[in-house]
Amino acid sequence: MTGIRRLVLVWIGLLLLLAVQATLGRVLGWGNVALVAGPVMAALVAVFFMEVGRGPGAVRVFAAWGLFWLMVLIGLGILDPVTRRTVSAGPAGQTASSP
Amino acid sequence: MSSSARADGAVEFQFHDRDYQSGTALSGMWLFLSSELLFFGGLFLCWACYRIEYASAFAAATRETEFAIGTLNTVILLTSSFAFACAVHFARSGNNRRVVQLSAATALLGTLFFGLKLLEWSKDIAAGNVPGAHFRTPGQAGGEQLFWVFYWIGTGLHIAHLSVGIGLVGWIAWRARREAFGPGRATPVEIVGLYWSFVDMMWLILYPLIYLAGRSA
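Computed from a predicted model, the values in this text were never measured in an experiment. (Residues numbered from 1 in each chain as written. Chains lettered and ligands numbered in written order. Predicted model: local features only at pLDDT ≥ 70, side-chain atom pairs only at ≥ 80, totals over all residues. Heavy atoms only, no water.)

Peer 1: Mind showing me how you'd approach the overall build of chain B here?
Peer 2: A tally of helices and strands in chain B yields seven helices and zero strands. Dimensions of chain B, computed from C-alpha atoms along their principal axes, come out at roughly 65 × 30 × 30 Å. Within chain B, buried positions represent 56% of all 217 residues. At a minimum sequence separation of 6, the contacts of chain B that also span at least 24 residues come to 80%. For chain B, the accessible area works out to roughly 8800 Å², and carbon and sulfur atoms hold 65% of it. (Helix = DSSP H or I, 4+ residues; strand = E, 2+ residues; numbered from the N terminus. Buried < 20%, exposed > 50% of the residue type's maximum accessible area, 1.4 Å probe, protein only. Contact = heavy atoms within 4.5 Å. Areas by Shrake-Rupley, 256 points an atom, 1.4 Å probe, with all protein chains shown as cover.)

This is how it looks when you write it as structure tokens:
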């Protein structure tokens, strides 16, 4: 029954995290901070419900590979929006984008 | 024991033994889920780019979402994922009765999620949160419309995956009624469990993007 007990604890932990996340986002107005809880909860699901550590080595390779390419996709894709700044181009008040 | 139950214990000709066969199935499922992760990843990237570009419009649109229904649905999906993780545990020990019960509970919770999502969609439509000519504030707030494009595609894709999952979980319940699973014969339950939890994971990422991000603005 230790396996079931662990699953129960993880489930309770996930619900508590959800409560914290919803409170941060809805009550305190820290919506962007609440974003962090999502990946944390997803990681708990992957480790305990999906048992990513179980099975042959290929399981961990494929899981890590998916995560790696997701990082590349989002990391490179978001590079331009987060580094682009709008600067004033002159006294006429015209603006220009600077990469 | 039915013929399908006998087939669960069989080792196909291309595998040395049952462990090798089971490991190959698990690895294949993880490879598939990795491709699914990148599929959803494109959606998350679009959200991030437009969220940066239209920060205030996205924050305003987030405040229009049905927070209570979204949060309740998250509780439901987390619970369903927990229930099916328990079903995997019981399948390994050959307790098929528990597998039937937990699979049925999982399918019911998934159906409840589906029903609440339909209710939420109807509220969104009634509020005019559908991008296009009939959007509630036509001619302005382009960023808000982009948020709702993300919302409809994201929730639509998720519910499509969930629907497939409900069918798969029902199939597991049907097989378990025929005593199909036991020690060394639980791979189908493990595979479906991976899929169901993955659908849960994608919702855990979508939930704050839709209902929480930008509420501070």
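That was the structure; now back to the text.
Peer 1: Can you walk me through the packing of aromatic side chains in this structure?
Peer 2: Residue and element names in this part refer to chain B. Under the criterion given, the structure shown has 20 aromatic pairs over all chains. Aromatic pair phenylalanine 58 and phenylalanine 147: ring centres 5.5 Å apart, planes at 85 degrees, arrangement edge-to-face. You can see phenylalanine 58 sitting in helix α3 (residues 55-62) and its partner phenylalanine 147 sitting in helix α6 (residues 142-177), a full 89 residues away along the chain. Each member of the pair, phenylalanine 58 as well as phenylalanine 147, is classed as buried. Taken together, the aromatic side chains of Trp47, Phe58, Trp121, Phe147, Trp148, Phe150, Tyr151 and Trp152 make up a single cluster linked through ring pairs. Here the basic side chain of arginine 98 rests over the ring of phenylalanine 90, its NZ or CZ set 6.0 Å away from the ring centre. (Phe/Tyr/Trp six-rings, centres within 6.5 Å; stacked < 30°, edge-to-face > 60°. Lys NZ or Arg CZ within 6 Å of the ring centre and 35° of its normal.)

Peer 1: Just to check I follow, could you spell out unusual backbone geometry for this structure?
Peer 2: With glycine set apart, most residues show a phi of negative sign, and most peptide bonds adopt trans. Of note, the phi angle at glutamate 51 of chain A is positive, near 50 degrees, even though the residue is not glycine. Along the chain, the position of glutamate 51 of chain A falls in the loop between α3 (37-49) and α4 (57-83). For glutamate 179 of chain B, which is not glycine, the phi dihedral falls at a positive 55 degrees. Here glutamate 179 of chain B is to be found in the loop between α6 and α7 (187-212).

Peer 1: How should the layout of surface pockets be read in this particular structure?
Peer 2: Where empty space is left can be seen by rolling a probe of water-molecule size over the atoms. Computed from the structure, the largest pocket encloses a volume of approximately 720 Å³. Along its surface, the largest pocket is lined by 30 residues, and Pro39, Leu67 and Leu70 of chain A together with Leu37 and Ile205 of chain B are the ones closest to its centre. Those elements that place two or more of their residues in the lining of the largest pocket are α3 and α4 of chain A together with α2 (18-53) and α7 of chain B. In terms of residue count, the dominant contributor to the lining of the largest pocket is α2 of chain B (eight residues). (1 Å grid on protein atoms, 1.4 Å probe; cavity = no way out; pocket = protein on both sides within 12 Å on 5 of 7 lines; lining within 4 Å. Points joined across faces, edges and corners; volume = space filled by probe spheres on them.)

Function cannot be inferred from these measures alone, as they are strictly geometric.
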